[in-house]
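# Tertiary structure, described
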Amino acid sequence: MNLPLPGWTLLYEMSNPDLRKFANDAYAGTNSGDGLNLRSGMLTPGLGMLATEVVIRTHTHLGAYRSTGTSRLATPAAAKHAEMLLAAHAAAGAISLSKTTAAAIAGETVVAARHLNVPVLIRVGMLALKVRCDAAVRAEAGAPSWETLLADEAATWTLPEAITIADLWDCPELG
């Protein structure tokens, strides 16, 4: 046995006997060492999340160092970094949720929660908010309209170039 999850004793001390039974059954597990406790609920799943963070952070910062000479991420690279972290953690969270659901359907009702990777799901939520904020900031900055792009591009044309282009459009030999 290991330490119970934070707040687990509050469940065990509730007046509702079903909650007390749930807390006891989830902590005890079906076999010795299978229960939901601090090690199986937070520490062990957190190691996978930590490894994912290290791999993706190393990749993005080394890429920035190779291209700019500094490991500091520019705004587009930081947005890409956050999106890569979100994708990796979302995949791990989806696997965790599907494993928990499959275990619950298979009959492991109370102890199915031990498959839930809580730290990854919390990190996915935080990253989703960050990515959404970054997208809103990029949307506010906005891309120039086609008319603005055409006006900027056409402003650099000289009159002889414009006449040549107009003559090419009207040339019957090319049509």
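Residues numbered from 1 in each chain as written. Predicted model: local features only at pLDDT ≥ 70, side-chain atom pairs only at ≥ 80, totals over all residues. Heavy atoms only, no water.

Here we take up the overall build of the chain. Counting its secondary structure elements, the chain contains seven helices and zero strands. By residue count, 22% of the 175 residues in the chain fall in the buried class. Nonlocal contacts in the chain, meaning residues at least 24 apart in sequence, comprise 62% of its contacts between residues at least 6 apart. For the chain, the accessible area works out to roughly 12,100 Å², and carbon and sulfur atoms hold 66% of it. (Helix = DSSP H or I, 4+ residues; strand = E, 2+ residues; numbered from the N terminus. Buried < 20%, exposed > 50% of the residue type's maximum accessible area, 1.4 Å probe, protein only. Contact = heavy atoms within 4.5 Å. Areas by Shrake-Rupley, 256 points an atom, 1.4 Å probe, with all protein chains shown as cover.)

It is worth spelling out the layout of surface pockets at this point. If you add up the space inside the largest pocket, you get close to 180 Å³. Along the walls of the largest pocket sit 13 residues, with Thr60, Gly63, Ala64, Leu73 and Ala77 positioned nearest its centre. Contributing elements (two or more residues each) for the lining of the largest pocket: α3 (38–68) and α4 (75–105). In terms of residues, the lining of the largest pocket owes the most to one element, α3, which gives seven residues. Tallied by class, residues from the lining of the largest pocket come to five nonpolar, five polar and three charged. (1 Å grid on protein atoms, 1.4 Å probe; cavity = no way out; pocket = protein on both sides within 12 Å on 5 of 7 lines; lining within 4 Å. Points joined across faces, edges and corners; volume = space filled by probe spheres on them. Nonpolar A, V, L, I, M, F, W, Y, C, P; charged D, E, K, R; others polar.)

Quick look at the pattern of salt bridges now. As enumerated under the stated definition, the model contains four salt bridges in all. With a shortest N-O distance of 3.0 Å, glutamate 53 and arginine 57 are connected by a salt bridge. Of this pair, glutamate 53 and arginine 57 both sit in helix α3, four residues apart, which is roughly one turn of that helix. With a shortest N-O distance of 3.4 Å, glutamate 83 and arginine 138 are connected by a salt bridge. (Salt bridge = Lys/Arg side-chain N within 4 Å of Asp/Glu carboxyl O.)

This part is about the nonpolar core. Judged by nonpolar contacts, Met49, Ile56, Ala82, Leu85, Leu86, Val120, Val124, Leu127 and Val131 together constitute the single largest core of nine residues. Elements represented by at least two residues in this core include exactly α3, α4 and α5 (118–141). For this core, the element with the most residues is α5, which contributes four residues. Not counting residues within four places of it along the chain, the set of residues in contact with valine 131 comprises Ala82, Glu83 and Leu86. (Core = buried A, V, L, I, M, F, W, Y, C linked by side-chain atoms within 4.5 Å.)

Take a nonpolar patch on the surface next. Residues Leu47, Leu50 and Val54 make up a contiguous nonpolar surface patch of roughly 290 Å² in combined accessible area. By the element assignment, valine 54 lies in helix α3. (Patch = residues over 30% accessible without salt bridge, like charges linked within 9 Å, V, L, I, M, F, W, Y side chains within 5 Å.)

Turning our attention to the environment of methionine 49. Mapping methionine 49 onto the fold places it in helix α3. Spatially, the C-alpha atom of methionine 49 lies 9.9 Å from that of glycine 93, the residues being 44 residues apart in sequence.

Scored by pLDDT, the chain comes out at a mean of 80, with 77% of its residues at no less than 70. Ranking the elements of the chain by mean pLDDT puts helix α1 (residues 8–12) last with 71 and α4 first with 91. (pLDDT = per-residue confidence, 0-100.)

Time to look at α5. The terminal C-alpha atoms of α5 lie 35 Å apart, and with 24 residues this matches the ideal 34 Å at 1.5 Å per residue to within 8%. If you check which residues of α5 are buried, you get Pro119, Val120, Arg123, Val124, Leu127 and Val131. Immediately beyond the C-terminal end of α5, within one or two residues, lies glycine 142, with a positive phi of roughly 65°. (Expected span 1.5 Å × (residues − 1).)

Within the secondary structure, threonine 60 sits in helix α3. Side-chain polar atoms of threonine 60 contact the side chain of histidine 81, separated by 2.9 Å. Ignoring any residue separated from it by four or fewer positions in sequence, one finds threonine 60 in contact with Leu73, His81 and Met84. (Polar contact = N/O pair within 3.5 Å; in protein donor to acceptor, adjacent residues only side chain to side chain.)

Attention shifts here to the packing of α4 against α5. Packing of α4 against α5 brings their axes to within 9 Å, and their N-to-C directions diverge by 145°. In terms of crossing hand, the pair formed by α4 and α5 is left-handed. Residues Ala79, Ala82, Glu83, Leu85, Leu86, His89, Ala90, Ala92, Gly93 and Leu97 of α4 pack against Val120, Leu121, Arg123, Val124, Leu127, Ala128, Lys130, Val131, Asp134 and Arg138 of α5. Classifying every residue of the contact of α4 with α5 gives 13 nonpolar, two polar and five charged. (Axes fitted to C-alpha atoms, helices over the stretch in contact; angles between N-to-C directions. Left-handed = near helix turned anticlockwise from the far one by under 90°.)

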